[in-house]
Amino acid sequence: MPPNTPETIAAIATAAGTGSVGVVRVSGPLASTMAALLLGRPPRPRYAHFAAFRDARGGVLDQGLLLFFPAPASFTGEDVLELQGHGGPRVLDRLLARVLELGARPARPGEFSERAFLNGKMDLVQAEAVADLIEAGTRRAAHLAARTLEGRFSRRVGDLLEALVEARALLEGGLDFPDEDDTDLFSAADLDARLRGLAQRLAAVRAAAARGRLLRDGLTLVIAGAPNAGKSSLLNVLAGEDRAIVSAVPGTTRDLLREPIQLDGLPLHLVDTAGLHEGRDPVEREGIRRARAVLETADRILWIYDATRGRPEAGILQAPEGVPVTLVRNKIDLLGESPGLRETGVGPELALSALTGEGLPLLEGHLRAIAGLDGGEQGEFLARRRHLHALDRAADHLQGARSALESGLAPELVAEDLRLAQRALGEITGEFLPEDLLGEIFGRFCLGK
């Protein structure tokens, strides 16, 4: 095989366990030869052949369908072979062993999708959407992953990149022809208008990506507060079942209790914690330490307190800086109060009863608003944290370019910020690749994909 020819890779493409059908996938230059050996004749492209898959001595390993997809019209852009046999683990192991015997090597996790990206069959966002579609935990996430796979997010980023390239051309044309005063190659006013419009479009994409990230990863909500405030009762009413032990005895909850739920297709990761106070024994103190540590990981803290005892201002100050807090005024049924939502100096405050469920719709609406889904917004595409970081960097560089332009700084400084903004956006789709990014992304994929 020539030095630059890619190796032929193979893997079981179906999930572990027993099923009616299992698939072994092969990609690379030896796929066509393997197909002919296993079928007994050259395969017809994109045609399902019924075949007996035989070992090196002619013994039958399995019977099933053989499909061959010649390059470049395949998932990876290379010759691809799929063997669809019975879904028993031992059967698939034997089929894979036969393919490896014929010259393939075991594929790394995500290597098929990585080759599809490297061969121009999809960009990096679409490749990530393959994994998101497989791992989608809600119907909405699956729907948005499919939209991302078909290029919805990529087109939005591509439009921004196109506008950035035009702005750079306008600016750098003036730098290349500084003496052409009668040309209209560089107009500061025109460039500023372009950058202002670009900033608005970028802000819209950032907002959509933030919603997409929440719909993919969900919200981590940590329920915190003093003992006996009703934390476990609130987790139970949100989960719709008794997941946490509820007791009047202080210190009943000693460890973190995590419960994943869905709210209108939005994944919520609820974390019930030990009551925050001075612990009386080592086990309780450890639970309180863990409770304080998990506050740092929250997307939002639901700080619950007993309405009959008044708001504990000192306790709320234990919330980590930068983590938003929603106050939950619990046990309003004991005071005869009505549910409500109001703003305070600490954050929004919800009055409800975790015991009776009064005010629960207000809390659910509040959580939808936090996720940006309160206006009937269904989301446009899924996004990952790395996408948000890249969009944030692009926005910072774009703002830097606008500030430099407004301050009358050297056009070269404006041009450099625009170049960096373009590079940040290009990282999203894979046009520019930081070192080790591919390994980090595709290494989290499942085998055979």
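Values in this document were obtained by computation on a predicted structure and should not be read as measured data.

### Some details on the packing of aromatic side chains
Thinking step 1. For the coordinates displayed, the defined rule picks out three aromatic pairs.
Thinking step 2. Centre to centre, the rings of Phe442 and Phe445 are 5.2 Å apart; their planes meet at 55 degrees, and the pair counts as tilted. For the pair Phe442 and Phe445, one class covers both residues: buried.
Thinking step 3. Pairwise contacts between aromatic rings join Phe117, Phe442 and Phe445 into one cluster.
Thinking step 4. The ring of Phe75 carries Arg25 above its face, with NZ or CZ at 5.5 Å from the centroid.
Thinking step 5. The ring of Phe112 carries Arg25 above its face, with NZ or CZ at 5.6 Å from the centroid.

### Quick word on the confidence of the model for the protein chain
Thinking step 1. On average, residues of the protein chain score 85 in pLDDT, and 86% of them are at 70 or above.
Thinking step 2. In the model, residues 244–254 has pLDDT below 50 throughout and makes 29 contacts with residues more than four positions away in sequence or in other chains.

### What about the side chain of Asp55?
Thinking step 1. Take Asp55: it is sitting in the loop between β3 (49–54) and β4 (60–69).
Thinking step 2. Here Asp55 is buried and forms no salt bridge, its nearest opposite-charge partner Arg57 lying at an N-O distance of 4.1 Å.
Thinking step 3. In terms of polar contacts, Asp55 uses its side chain to reach the backbone amide nitrogen of Gly58, at 3.0 Å.

### What to know about the sheet that holds strand β12 (residues 340–343)
Thinking step 1. Ordered in space as β8-β9-β7-β10-β11-β13-β12, the seven strands form an open sheet in which the pairing is mixed. Of all strands in the sheet, those with a lone pairing partner are β8 (257–263) and β12, marking the two edges. For this sheet, the mean inter-axis angle between neighbouring strands, taken without regard to orientation, is 25 degrees.
Thinking step 2. As paired strands, strand β10 (residues 300–306) and strand β11 (residues 325–330) are joined by six bridges and run parallel to one another. Its bridge partner lying in β11, Ile301 is registered against Val325.
Thinking step 3. Contacting β7 (219–225) and β9 (266–272), helix α7 (residues 188–217) crosses the sheet at an angle of about 65 degrees to β9.

### As for the pattern of salt bridges
Thinking step 1. This model, assessed by the stated rule, comprises 29 salt bridges.
Thinking step 2. Linking Arg108 and Glu114 is a salt bridge whose minimum nitrogen-to-oxygen distance equals 3.1 Å.
Thinking step 3. Its relative accessible area of 40% is what places Arg108 among the partly exposed residues.
Thinking step 4. Between Arg115 and Glu111 there is a salt bridge whose closest N-O contact spans 3.5 Å. Taken together, the residues span about one helical turn, with Arg115 and Glu111 both in helix α3 (residues 111–118) at a distance of four residues. The same class applies to Arg115 as to Glu111, namely buried.
Thinking step 5. Linked by salt bridges that have partners in common, Glu128, Asp132, Arg213, Arg216, Asp217, Asp299, Arg384 and Arg386 make up one network.

### What about unusual backbone geometry?
Thinking step 1. Of the consecutive residues Ala71 and Pro72, the connecting peptide bond is found in the cis state with omega at 0 degrees.
Thinking step 2. Along the chain, Pro72 falls in the loop between β4 and β5 (80–87).
Thinking step 3. A positive phi is found at Arg46, a non-glycine position, where the angle reads about 55 degrees.
Thinking step 4. Even without being glycine, Lys331 reaches a positive phi, approximately 70 degrees.

### So, the nonpolar core
Thinking step 1. Judged by nonpolar contacts, the single largest core of 35 residues is most densely connected at Phe153, Leu418 and Leu425.
Thinking step 2. Those residues in contact with Leu418 that sit more than four places away from it in its chain are Leu164, Ala167, Arg168, Leu171, Leu195, Leu398 and Ala401.
Thinking step 3. Residues Leu144, Val328, Leu352 and Ala354 belong to the second largest nonpolar core, which totals 29 residues.

### Re the environment of Thr220
Thinking step 1. With respect to the helices and strands, the residue Thr220 is situated in strand β7.
Thinking step 2. With a relative accessible area of 18%, Thr220 lands in the buried category.
Thinking step 3. Along the sequence, Thr220 and Leu295 sit 75 residues apart, while their C-alpha atoms lie 9.8 Å from each other.
Thinking step 4. Beyond its immediate sequence surroundings of up to four residues, Thr220 is in contact with His269, Val271, Thr297, Ala298, Asp299 and Arg300.

About the thresholds
Residues numbered from 1 in each chain as written. Predicted model: local features only at pLDDT ≥ 70, side-chain atom pairs only at ≥ 80, totals over all residues. Heavy atoms only, no water. Phe/Tyr/Trp six-rings, centres within 6.5 Å; stacked < 30°, edge-to-face > 60°. Buried < 20%, exposed > 50% of the residue type's maximum accessible area, 1.4 Å probe, protein only. Lys NZ or Arg CZ within 6 Å of the ring centre and 35° of its normal. pLDDT = per-residue confidence, 0-100. Contact = heavy atoms within 4.5 Å. Helix = DSSP H or I, 4+ residues; strand = E, 2+ residues; numbered from the N terminus. Lys, Arg positive; Asp, Glu negative; His and termini not counted. Salt bridge = Lys/Arg side-chain N within 4 Å of Asp/Glu carboxyl O. Polar contact = N/O pair within 3.5 Å; in protein donor to acceptor, adjacent residues only side chain to side chain. Pairing = 2+ DSSP bridges. Axes fitted to C-alpha atoms, helices over the stretch in contact; angles between N-to-C directions. Core = buried A, V, L, I, M, F, W, Y, C linked by side-chain atoms within 4.5 Å.

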